[in-house]
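# Structural features, examined
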Amino acid sequence: MELGYWGIKGVVEPIRWLIAHLGLEVKEYNPASAEEWFGTKKQSLGLDFPNLPYLIDGDVKISESIAIPYYLVHKAGKPELLGKDLKDQAKIREIEGVFLDIRKEIHQIVFAPENHKAALLKALEPNSAISTKLANLEKLLGNKEFFLGYLTYADLLFAYHSEFLWAVADSLGEKDPIATRHPALDKHCYKIHDLPKIKERVAQSMSVPFMPPPMLKFHLETLGEVFEKNNVGKAPAEAK
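Quick caveat: nothing in here was measured; it's all calculated off a predicted structure.

Rules of the game
Residues numbered from 1 in each chain as written. Predicted model: local features only at pLDDT ≥ 70, side-chain atom pairs only at ≥ 80, totals over all residues. Heavy atoms only, no water. pLDDT = per-residue confidence, 0-100. Contact = heavy atoms within 4.5 Å. Buried < 20%, exposed > 50% of the residue type's maximum accessible area, 1.4 Å probe, protein only. Helix = DSSP H or I, 4+ residues; strand = E, 2+ residues; numbered from the N terminus. Pairing = 2+ DSSP bridges. Salt bridge = Lys/Arg side-chain N within 4 Å of Asp/Glu carboxyl O. Polar contact = N/O pair within 3.5 Å; in protein donor to acceptor, adjacent residues only side chain to side chain.

## A look at the confidence of the model for the protein chain
For residues with low pLDDT, the predicted coordinates do not support detailed interpretation. Looking at the protein chain as a whole, the pLDDT averages 93, with 97% of positions reaching at least 70. Low pLDDT, under 50, characterises residues 234-240; the predicted model gives this stretch 11 contacts beyond four residues in sequence or across chains.

Below, the structure written as structure tokens:
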């Protein structure tokens, strides 16, 4: 199989975690430049909707980050990662919608024309969209190990978005809002990070940027820089 995406974390990093967790053999194509992708590669793959990310497995060719995980879990024979029954499958889609909203809010901070720290602080106010959704997620998690009581792709998505939000906050001189306000969610994030194959992927991608640096007006730290600044070692949650 071939996965195509830019050489950043972006929207595809949770899919890379999923691939690692499933133990699938997937080679990755990263365009060397926008010209390479838009000039030659994009129209040569036979995709119905040419875009990044894409996944090609023989004559199966799909794009879009919301579609690719569905193919992968069934390919690996692990459909329970998308819910064991109809109720859980619908709940995962609901949670995915929440993550899309949180990601949209984070992007508004990252791509603000100026005053990024002010945008961050506003986005983290008690009744803001991010704060409200994080509180609801913590309530859903409760005392369970995972959101639905067993590991699903929703858990991977949350752990990654938690990591992204921490990097943005740390880059702008603020503490991780999840660690400081939502300890249960923070513990959940590190539980996902400690899954053996995901842990290996996280370690391999420490220096991979979350977003394309030329597009940003401030330095968005890599996870490696965040860990180094916060002296994260064997007990990262306690080190925050």
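## Describing the pairing of strand E3 (residues 54-57)
With burial as the criterion, each face of E3 is covered, one bearing Tyr54 and Ile56 and the other bearing Leu55 and Asp57. For strand E1 (residues 2-4) and E3, the ladder comprises 3 bridges, and the chain directions are antiparallel. Note on E3: the bridge partner recorded for Glu2 is Ile56. As paired elements, E3 and strand E4 (residues 60-63) share 4 bridges and run antiparallel to each other. Paired with Tyr54 across the bridge in E4 is Ser63. In this structure, the hairpin formed by E3 and E4 is closed by a connection of 2 residues, where Gly58 is found at a positive phi of approximately 65°.

## Considerations on the pattern of salt bridges
Counted under the stated rule, the structure contains 13 salt bridges. Linking Glu163 and Lys9 is a salt bridge whose minimum nitrogen-to-oxygen distance equals 3.3 Å. Highlighted residues: Glu163 in helix H7 (residues 153-171) and Lys9 in the loop between E1 and helix H1 (13-22), separated in sequence by 154 residues. A salt bridge links Glu221 to Lys229; the shortest N-O distance between them is 2.4 Å. By sharing partners, the salt bridges in this structure join Glu13, Arg16, Glu28 and Arg201 into a single network.

## Let's talk about the environment of Ser63
By the secondary structure assignment, Ser63 is in strand E4. Separated by 24 residues in sequence, Ser63 and Lys87 have C-alpha atoms that sit 26 Å apart. Once residues lying within four places of it in the same chain are set aside, the contact partners of Ser63 are Phe49, Asn51, Pro53 and Tyr54. Within the local environment of Ser63, its side chain forms a polar contact with the backbone oxygen of Phe49, the two atoms lying 2.7 Å apart.

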